[in-house]
Amino acid sequence: VQTVHDPAAMQAQMRLRLAAGERIGLVPTMGFLHLGHRSLMALARPLCDHLVVSIYVNPLQFGPGEDLETYPKDPAGDAAACAAEGVDTIFMPADLYEQNHCTRVTVSGLTEGLCGADRPGHFDGVTTVVARLFGLVQPSIAVFGEKDYQQLAVIRRMVRDLAVGIEILGGPLIRDTDGLAMSSRNAYLSPPDRQRGLSLHRALRAMSESTSQSVADRLGLGRSILTVDSLDYLQIVDSESLRPLDIIDRPARALVAARIGGTRLIDNIGLS
Ligand code: PAF
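What counts, and at which threshold
Residues numbered from 1 in each chain as written. Predicted model: local features only at pLDDT ≥ 70, side-chain atom pairs only at ≥ 80, totals over all residues. Heavy atoms only, no water. Buried < 20%, exposed > 50% of the residue type's maximum accessible area, 1.4 Å probe, protein only. Helix = DSSP H or I, 4+ residues; strand = E, 2+ residues; numbered from the N terminus. Pairing = 2+ DSSP bridges. Near = heavy atom within 4 Å. Polar contact = N/O pair within 3.5 Å; in protein donor to acceptor, adjacent residues only side chain to side chain. Areas by Shrake-Rupley, 256 points an atom, 1.4 Å probe, with all protein chains shown as cover. Nonpolar A, V, L, I, M, F, W, Y, C, P; charged D, E, K, R; others polar. Phe/Tyr/Trp six-rings, centres within 6.5 Å; stacked < 30°, edge-to-face > 60°. Axes fitted to C-alpha atoms, helices over the stretch in contact; angles between N-to-C directions. Parallel < 35°, antiparallel > 145°, perpendicular 65-115°, else oblique. Contact = heavy atoms within 4.5 Å.

S.K.: I'm lost on the pairing of strand β9 (residues 263-271) in this one. Help?
M.R.: Two faces, one strand: in a regular strand the side chains alternate between the faces of the sheet. In terms of burial, β9 is largely enclosed, as eight of its nine residues are buried. In this sheet, β9 lies alongside strand β8 (residues 252-260) in antiparallel orientation, the contact comprising nine bridges. Bridge pairing links alanine 258 to leucine 265 in β9. Linking two consecutive strands that pair antiparallel, namely β8 and β9, is a turn of two residues; a positive phi of about 60° is found at glycine 261 within it.

As structure tokens, then:
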């Protein structure tokens, strides 16, 4: 695996590969890679000639008081994970933006509810960094995890609206053996907090196993199972538009965000 730090060098290298007819795949990450990230690399690997994993903790998507400064890092472990998945290039810039960067990419509507309501500006930060990564890496395909379900929907919408011409693939959410959705932020959880964190998956599973068509019933069931310090949201929405539903009469998704200790966890599940 080669590691490239300089954005201009990255763009120049990928331009040469494109000119040689290669198909580039991109898995954008913020590092501290776990099996969830590795499953995204495994999904992309057979679909491209040159697989790039970007590792960049993007300041634009963190709000005041969030964990930008303490976000976990493990460059040696990340390099080993990428090597094991057959990644060709790790793109790890110290800084990704130009000095006087002043452009923001905003997807309206889809970003207003759920995590967008609790983390103002977060999705503008995500779409801005992803748009810049797309410009530098010039991939044909890019893979994002369904763990960040709203993020995936927002990126798909940006790509559609701006006719970006990159195929976006969603990789299924990967759970640890105890059921906790894999996330770099799980590293913050003490063992008792982790136990309480498992209630997110238990609540979602019970909601998906319920046969009630009533959203109120299923939300009540989910809330009765959660053992968290505070609930940012528990919602059932249309899988595509992310609009809240009253009755489950179409493909739907249950999504939860909650705080345990100082850690914010998210999880989601499909409902039929
Ligand atoms: O999902 C993430 O890790 C980040 O939001 C992403 C897509 C790498 C953008 O910084």
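S.K.: Honestly, the site of the ligand in this entry has me stumped. Any pointers?
M.R.: Close contacts around the ligand come from Pro28, Thr29, Met30, Asn58, Gln61, Val129, Phe144, Asp148 and Gln151, and that covers them all. Contact distances for the ligand include 2.6 Å between an oxygen atom and a side-chain N or O atom of glutamine 61. With the chains in place, 89% of the 290 Å² that the ligand exposes on its own is no longer accessible. Per-class residue counts for the shell around the ligand are four nonpolar, four polar and one charged.

S.K.: Please clarify how the packing of aromatic side chains should be interpreted in this entry.
M.R.: Two aromatic rings, taken as a pair, are described by how far apart their centres are and by the angle between their planes. Scanning the entire structure with this criterion turns up three aromatic pairs. A centroid spacing of 6.2 Å and a plane angle of 65° characterise the contact between tyrosine 56 and tyrosine 97, whose relative ring orientation is edge-to-face. Taken together, the residues tyrosine 56 in the loop between β3 (50-55) and α3 (75-84) and tyrosine 97 in the loop between β4 (89-91) and α4 (115-118) connect sequence positions 41 residues apart. There is no split in this pair, since tyrosine 56 and tyrosine 97 are both buried. Seen in terms of ring centroids, phenylalanine 134 and phenylalanine 144 are 6.5 Å apart; in terms of plane orientation they differ by 75°. Their pairing is edge-to-face. Here phenylalanine 144 lies in strand β5 (residues 141-145) and phenylalanine 134 lies in helix α5 (residues 122-137), a separation of 10 residues in the sequence. Comparing phenylalanine 134 with phenylalanine 144 shows no difference in burial state: the two are buried.

S.K.: Would you mind showing me how to read the packing of helix α1 (residues 7-19) against α5 here?
M.R.: Two quantities define a packed helix pair, namely the angle between the axes and the distance from one axis to the other. Where α1 contacts α5, the two axes come as close as 7 Å, and the packing angle between them is 50°. Taken together, the axes of α1 and α5 are oblique relative to one another. On α5, the residues that touch Pro7, Met10, Gln11 and Met14 of α1 are Arg132, Gly135, Leu136 and Val137.

S.K.: Explain the environment of asparagine 268 to me, please; I cannot follow it from the model alone.
M.R.: Inspection of the secondary structure assignment puts asparagine 268 in strand β9. With relative accessibility at 2%, the residue asparagine 268 sits in the buried group. The spatial distance from the C-alpha of asparagine 268 to the C-alpha of aspartate 67 is 22 Å, given a sequence separation of 201 residues. Discounting residues that sit within four places of it in the chain, asparagine 268 has contacts with Glu146, Lys147, Tyr149, Leu173, Arg175, Leu204, Arg253, Ala254 and Leu255. A polar side-chain atom of asparagine 268 sits 2.9 Å from the main-chain carbonyl oxygen of glutamate 146.

S.K.: Can you help me understand unusual backbone geometry in this one?
M.R.: In terms of backbone geometry, most residues other than glycine have negative phi values and most peptide bonds are trans. Positioned with a positive phi, phenylalanine 32 is a non-glycine residue whose angle comes to about 55°. Within the element layout of this structure, phenylalanine 32 appears in the loop between β2 (24-29) and α2 (35-44). Phenylalanine 32 sits in the partly exposed class, given a relative accessible area of 27%. We note that leucine 242 has phi near 65°; this positive angle belongs to a residue other than glycine. One can find leucine 242 in the loop between β7 (230-238) and β8.

These figures come from the coordinates and say nothing about function on their own.
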